[in-house]
Amino acid sequence: MIRHIVRKEFTDLLRDGRFRWCAAIVGVLLLVSLGSGLVETRRAETAHAAARDTAREHWESQGEKNPHSAAHYGIYAFKPRLPLSFLDQGVDPYTGTSVWLEAHRQNDFLMRPAQDATAGQRLGALTAAQVLQHLVPLLIILLAFGALAGEREQGTLKQLLASGISRRDLAVGKALGVAAALALLLIPAAIIGSAAITLGSTGPAAPPFARGAVLTAGYLAYFGVFVLLALAVSAWARSARTALVALLGVWVLNGLVAPRVAVDLSKWLHPTPSAVEFARTMEREVGSGVPGIERPDRDATTARLLAEHGVETVDELPVNVIGVYLQESEEFANQIFDRNYGALWNRFEQQGTVHEALSIAAPLLAVRTLSMGLAGTDVEQHRHFAAAAEDYRRDLMRRMNGDLAENSRTGETYLADADLWAETPAFQYDAPSLGWVLRNRTLSLAMLGLWLAAAFFIAASRVRRAAVA
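Residues numbered from 1 in each chain as written. Predicted model: local features only at pLDDT ≥ 70, side-chain atom pairs only at ≥ 80, totals over all residues. Heavy atoms only, no water.

Q: It is not clear to me how the environment of Tyr341 should be interpreted in this structure. Could you clarify?
A: The residue Tyr341 is located in helix 15 (residues 321-357) in this model. The class of Tyr341 is buried, set by a relative accessible area of 10%. Sequence-distant contacts of Tyr341, defined by excluding residues within four places in its chain, comprise Gln106, Asn107, Asp108, Phe278 and Met282. Reaching out from Tyr341, the side chain makes a polar contact with the side chain of Asp108 at a distance of 3.1 Å. (Helix = DSSP H or I, 4+ residues; strand = E, 2+ residues; numbered from the N terminus. Buried < 20%, exposed > 50% of the residue type's maximum accessible area, 1.4 Å probe, protein only. Contact = heavy atoms within 4.5 Å. Polar contact = N/O pair within 3.5 Å; in protein donor to acceptor, adjacent residues only side chain to side chain.)

Here it is, written out as structure tokens:
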């Protein structure tokens, strides 16, 4: 019986011109967003690879110079684009994807497209994630709002139930009919997306496909929530028009109101300093120090080295005092950076937790956070990359200052040659594993599961008590 209901519902939807037009519009937008996302990702990868090679070439060809001057010369680090990032840009347009690594400073990230975009351009940015999160639920509502309310208005619901069809079978058949119609739209998009991942991935295919499988399951759960909510409202409403208005209200609350409220509330609960204020705080603390962090003193460093080596003059020291003092200054500044950047990153993650917690009121907040995490474009993975880049910067400074301290003496003019630059390892970054990502997205997964379970029980309850006429 369910099979017959599914076939009948599916056939009716295919014959409905409204469905064909809506599905065509959503499908075209989805394909365009997939294509533009893939092109943008490949363009960014090509640009980053060229810039990375150029930066390394400049580093190795800088000629003879003082190692600490080379540390100031610095080098760029570029955040790689993961295969799924073409689906969801996440925070990358706002955080940047490259950073300049130099002595005495932990710099902000560069190449932030949102910084140069107008408000209209930011609003008009189209990604596959936005289509899936906003437009597909709207399509589901347009397909399912009259599933039961429409039958009641036409007087056919009483006839269907009188013929022996149970309410449960009718509701299941209606839901599967809507799902089958959606499959005509989503399956081709999934195939194209999988092909894009295969073509766009420069590494093993398994990691992106593992992330893609979890992402697919997350979106299917999200769509399932809307199918079940549409059935529940259609069973409750006295007319199809009432059901449509109520479901559109749910869609507006989920897709437009809740995200804005989440942003404002998270900023109010966990405020962050402005970029100018943050930079001034860092400059002040590095310049004057803070309680609990001892500022290095060159005379004290000299006295300590003399005592350690048992000599009386600087000329007798087997190391260059300047190199040792410069590294101590780096270590002092690093403590200031850890103090300030650590607090800032924690605030960002606290804001993210507020977003995830508020998904109790809107499932979009949960699926959006999960989508960014699996695409590798969330705040946590940006912090992971920033930490790796900073570790590399600190190791680079230790190498440069260490070479100055060990291979010269105080007062000498020392120039390192190309061998030192070539021996310095290039920056390498390994993205976190799928397990690491899912551990950070536990709350989003739980909220999405809670929504799916709640929607199922609400739909089952409303269908059992649905009025016949």
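Q: I would appreciate a short explanation of the pattern of salt bridges in the present structure.
A: Two side chains bearing opposite charge may form a pair once their charged atoms approach each other closely. One pass over the full model with this rule turns up 23 salt bridges. The salt bridge involving Arg168 is made with Asp169; its shortest N-O contact spans 2.9 Å. Classification of Arg168 as exposed rests on a relative accessible area of 56%. Judged by relative accessible area, which is 15%, Asp169 ranks as buried. A salt bridge links Asp395 to Arg399; the shortest N-O distance between them is 3.0 Å. Taken as a pair, Asp395 and Arg399 lie in helix 17 (residues 379-406) at a separation of 4 residues, close to a single helical turn. Each of Lys8, Glu9, Asp12, Glu151 and Lys174 takes part in salt bridges that share partners, so that together they form one network. (Salt bridge = Lys/Arg side-chain N within 4 Å of Asp/Glu carboxyl O.)

Q: Which parts of the structure should I look at to understand a negative patch on the surface?
A: On the surface, Glu64, Asp417, Asp419 and Glu423 cluster together into a negatively charged patch. Locating Glu423 in the fold gives a position in helix 18 (residues 418-423). The class of Glu423 is exposed, set by a relative accessible area of 57%. (Patch = residues over 30% accessible without salt bridge, like charges linked within 9 Å, V, L, I, M, F, W, Y side chains within 5 Å. Areas by Shrake-Rupley, 256 points an atom, 1.4 Å probe, with all protein chains shown as cover. Lys, Arg positive; Asp, Glu negative; His and termini not counted. Charge placed at Lys NZ, Arg CZ, Asp CG, Glu CD.)

Q: What's the story with the confidence of the model for the protein chain in this structure? I'm lost.
A: Caution applies to low-pLDDT regions: their predicted coordinates should not be interpreted in detail. Per-residue confidence for the protein chain gives a mean pLDDT of 87; residues scoring 70 or more make up 94%. Per-element averaging of pLDDT across the protein chain places helix 6 (residues 119-124) at the bottom with 46 and helix 16 (residues 363-375) at the top with 95. Long-range and interchain partners of residues 114-123, a stretch whose pLDDT sits below 50, account for 7 contacts in this model, where long-range means more than four residues apart. (pLDDT = per-residue confidence, 0-100.)

Q: What exactly am I supposed to notice about the nonpolar core here?
A: Taken as a class, soluble globular proteins show a tendency for nonpolar side chains to be buried jointly. Leu30, Val136, Leu182, Leu186, Tyr219, Tyr222 and Phe223 are the most contacted members of the largest nonpolar core, which has 57 residues in total. Mapped onto this core, the elements with two or more residues apiece are helix 2 (17-60), helix 7 (128-144), helix 10 (167-200), helix 11 (206-236), helix 12 (240-269), helix 16 and helix 20 (442-464). Setting aside its immediate chain neighbours within four residues, Leu186 contacts Leu30, Leu132, Val136 and Phe223. (Core = buried A, V, L, I, M, F, W, Y, C linked by side-chain atoms within 4.5 Å.)

Q: Mind showing me how you'd approach the pairing of strand 2 (residues 98-102) here?
A: For a regular strand, the rule is simple: side chains alternate between the two faces of the sheet. Extensive coverage of strand 2 is indicated by the burial of 4 of its 5 residues. As judged from the 4 bridges shared by strand 1 (residues 75-78) and strand 2, these two strands associate in the antiparallel manner. Bridge pairing in strand 2 places Ala77 opposite Val99. (Pairing = 2+ DSSP bridges.)

Q: Would you explain the environment of Arg52 in this entry?
A: Within the secondary structure, Arg52 is located in helix 2. Sequence separation between Arg52 and Ala453 is 401 residues; the distance between their C-alpha atoms is 48 Å.

Q: How should I be thinking about the environment of Gly342 in this particular structure?
A: Mapped onto the elements of the fold, Gly342 is located in helix 15. Along the primary structure Gly342 and Arg383 are separated by 41 residues, whereas in three dimensions their C-alpha atoms are 9.8 Å apart. Not counting chain neighbours up to four residues away, the residues in contact with Gly342 comprise Phe337 and Arg383.

Q: How should I be thinking about the packing of helix 1 (residues 2-15) against helix 2 in this particular structure?
A: Axes are the key here: two packed helices are described by the angle between their axes and the distance separating the axes. As a packed pair, helix 1 and helix 2 sit with axes 5 Å apart at the nearest point and diverge in direction by 75°. The orientation of helix 1 relative to helix 2 falls into the category roughly perpendicular. Facing helix 1, whose interface residues are Leu13, Leu14 and Arg15, helix 2 presents Gly17, Phe19 and Arg20. Its residues assigned to classes, the contact of helix 1 with helix 2 comprises 3 nonpolar, 1 polar and 2 charged. (Axes fitted to C-alpha atoms, helices over the stretch in contact; angles between N-to-C directions. Parallel < 35°, antiparallel > 145°, perpendicular 65-115°, else oblique. Nonpolar A, V, L, I, M, F, W, Y, C, P; charged D, E, K, R; others polar.)

Q: I'm lost on the packing of helix 15 against helix 20 in this one. Help?
A: Contact geometry for helix 15 and helix 20: axes closest at 9 Å, N-to-C directions at 10°. Here helix 15 lies roughly parallel to helix 20, going by the angle between them. Contacts from Thr353, Glu356 and Ala357 of helix 15 reach helix 20 at Leu443, Ser444 and Met447. Taken together, the residues that form the contact of helix 15 with helix 20 break down as 3 nonpolar, 2 polar and 1 charged.

Q: Help me understand unusual backbone geometry in this model?
A: Positioned with a positive phi, His104 is a non-glycine residue whose angle comes to about 70°. Mapped onto the secondary structure, His104 falls in the loop between strand 2 and strand 3 (105-110). For His104, a relative accessible area of 26% corresponds to the partly exposed category.

Q: What's the story with the side chain of Ser85 in this structure? I'm lost.
A: Position of Ser85 among the secondary structure elements: in the loop between strand 1 and helix 4 (92-95). For Ser85, a relative accessible area of 1% translates into the label buried. Look past the residues within four positions of Ser85 in its chain and what remains in contact with it is Thr41, Ala375 and Thr377.

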